[in-house]
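Below are the chains, spelled out letter by letter.
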Amino acid sequence: SAVISQKPSRDICQRGTSLTIQCQVDSQVTMMFWYRQQPGQSLTLIATANQGSEATYESGFVIDKFPISRPNLTFSTLTVSNMSPEDSSIYLCSVGPSLTKNIQYFGAGTRLSVL
Amino acid sequence: EDQVTQSPEALRLQEGESSSLNCSYTVSGLRGLFWYRQDPGKGPEFLFTLYSAGEEKEKERLKATLTKKESFLHITAPKPEDSATYLCAVQQSAGNKLTFGGGTRVLVKP
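Residues numbered from 1 in each chain as written. Chains lettered and ligands numbered in written order. Predicted model: local features only at pLDDT ≥ 70, side-chain atom pairs only at ≥ 80, totals over all residues. Heavy atoms only, no water.

Caption draft 1: Fine view of the overall build of chain B. When you go through chain B residue by residue, the secondary structure sums to zero helices and eleven strands. Starting at the N terminus and ending at the C terminus, chain B contains elements arranged as β-β-β-β-β-β-β-β-β-β-β. Computed over C-alpha atoms, the radius of gyration of chain B comes to 13 Å, within 12% of the 13 Å expected from 2.2 N^0.38 for 110 residues, which places it in the range of a compact globule. Oriented by its inertia axes, the alpha-carbon framework of chain B measures out at about 45 × 30 × 20 Å. Within chain B, buried positions represent 47% of all 110 residues. A fraction of 55% describes how many contacts in chain B between residues 6 or more apart in sequence connect residues 24 or more apart. (Helix = DSSP H or I, 4+ residues; strand = E, 2+ residues; numbered from the N terminus. Rg over C-alpha atoms; globule rule 2.2 N^0.38 Å. Buried < 20%, exposed > 50% of the residue type's maximum accessible area, 1.4 Å probe, protein only. Contact = heavy atoms within 4.5 Å.)

Structure, rendered in structure tokens:
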């Protein structure tokens, strides 16, 4: 299975600021995903980030609010821009599937609180 | 639009008391149904993928089954370490996106 590291693990931010979350994988992967998990709720896909192409955003999520970079096959960033208290959530990076395994693996997440 | 509904929302079990979790789904062409376990403060941990009705998979005290409309996760003789939130997700045949249900929080008391 892939080992996924997310930084920071948690942060407390002020309203109106931005936070960039990093996701590092220990092997090359084609597909990376960013999810949001609001307090007490399940996971919602924000966007799919493939290396060499623009991220694909799900309904309700826009690039201006959640810009994503995917500079290579082992790294991605998600920025939460102009934050408000409603952005307080856990943000999770996921990778996969591969050609041989139809499994998505998840990082431990970034716990964001916006004051 | 894909929909996944899990029940119950929460389940309290005594150690050794077997039970089942339900995942009902509607999807336009199912590629796979996934079960994950999530512990507090951690990301989801992969348990099983099921692909076709009638398929079953087992891991220790967990057994997952799939029909055309729902999946069950059976927990046999649970132990306190089985306490977690169990998440179900469906994957469309057209892509790789996972749509998750709301999860079932399981608490196993000794």
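Caption draft 2: The interface of chain A and chain B, seen in detail. Taken together, the contact pairs 17 residues of chain A with 19 residues of chain B. Carbon and sulfur atoms make up 52% of the area that chain A and chain B hide from each other, which totals about 1,400 Å². Put simply, chain A and chain B have one salt bridge between them. At the junction of chain A and chain B, the tally comes to eight residue pairs in polar contact (both at pLDDT 80 or more). Breaking the side of chain A that touches chain B down by element, the ones donating at least two residues are β4 (31–37) and β5 (43–50) of chain A. (Buried area = accessible area lost by both parts, 1.4 Å probe. Salt bridge = Lys/Arg side-chain N within 4 Å of Asp/Glu carboxyl O. Polar contact = N/O pair within 3.5 Å; in protein donor to acceptor, adjacent residues only side chain to side chain.)

Caption draft 3: Main features of the sheet that holds strand β7 (residues 68–72) of chain A. Residue and element names in this part refer to chain A. Spatially, β1-β3-β8-β7 is the arrangement adopted by the four strands of the open sheet, whose pairing is antiparallel. The outermost strands of the open sheet, each flanked by one partner alone, are β1 (4–7) and β7. Each neighbouring strand pair of the sheet contributes to a mean axis angle of 15 degrees, computed without reference to strand direction. Bridging between strand β3 (residues 19–25) and strand β8 (residues 75–80) involves six bridges; their strand directions are antiparallel. By the bridge assignment for β8, Q24 is matched with F75. (Pairing = 2+ DSSP bridges. Axes fitted to C-alpha atoms, helices over the stretch in contact; angles between N-to-C directions.)

Caption draft 4: Inspection of the pairing of strand β2 (residues 10–14) of chain B at higher detail. Residues and elements named next belong to chain B. Alternating residues of β2 divide into L11 and L13, all buried, and A10, R12 and Q14, none buried. Relative to strand β11 (residues 104–109), β2 is paired through five bridges, and the arrangement is parallel. Note that in β11 the partner of L11 across the bridge is V106.

Read these as layout, nothing more, since geometry by itself doesn't imply function.
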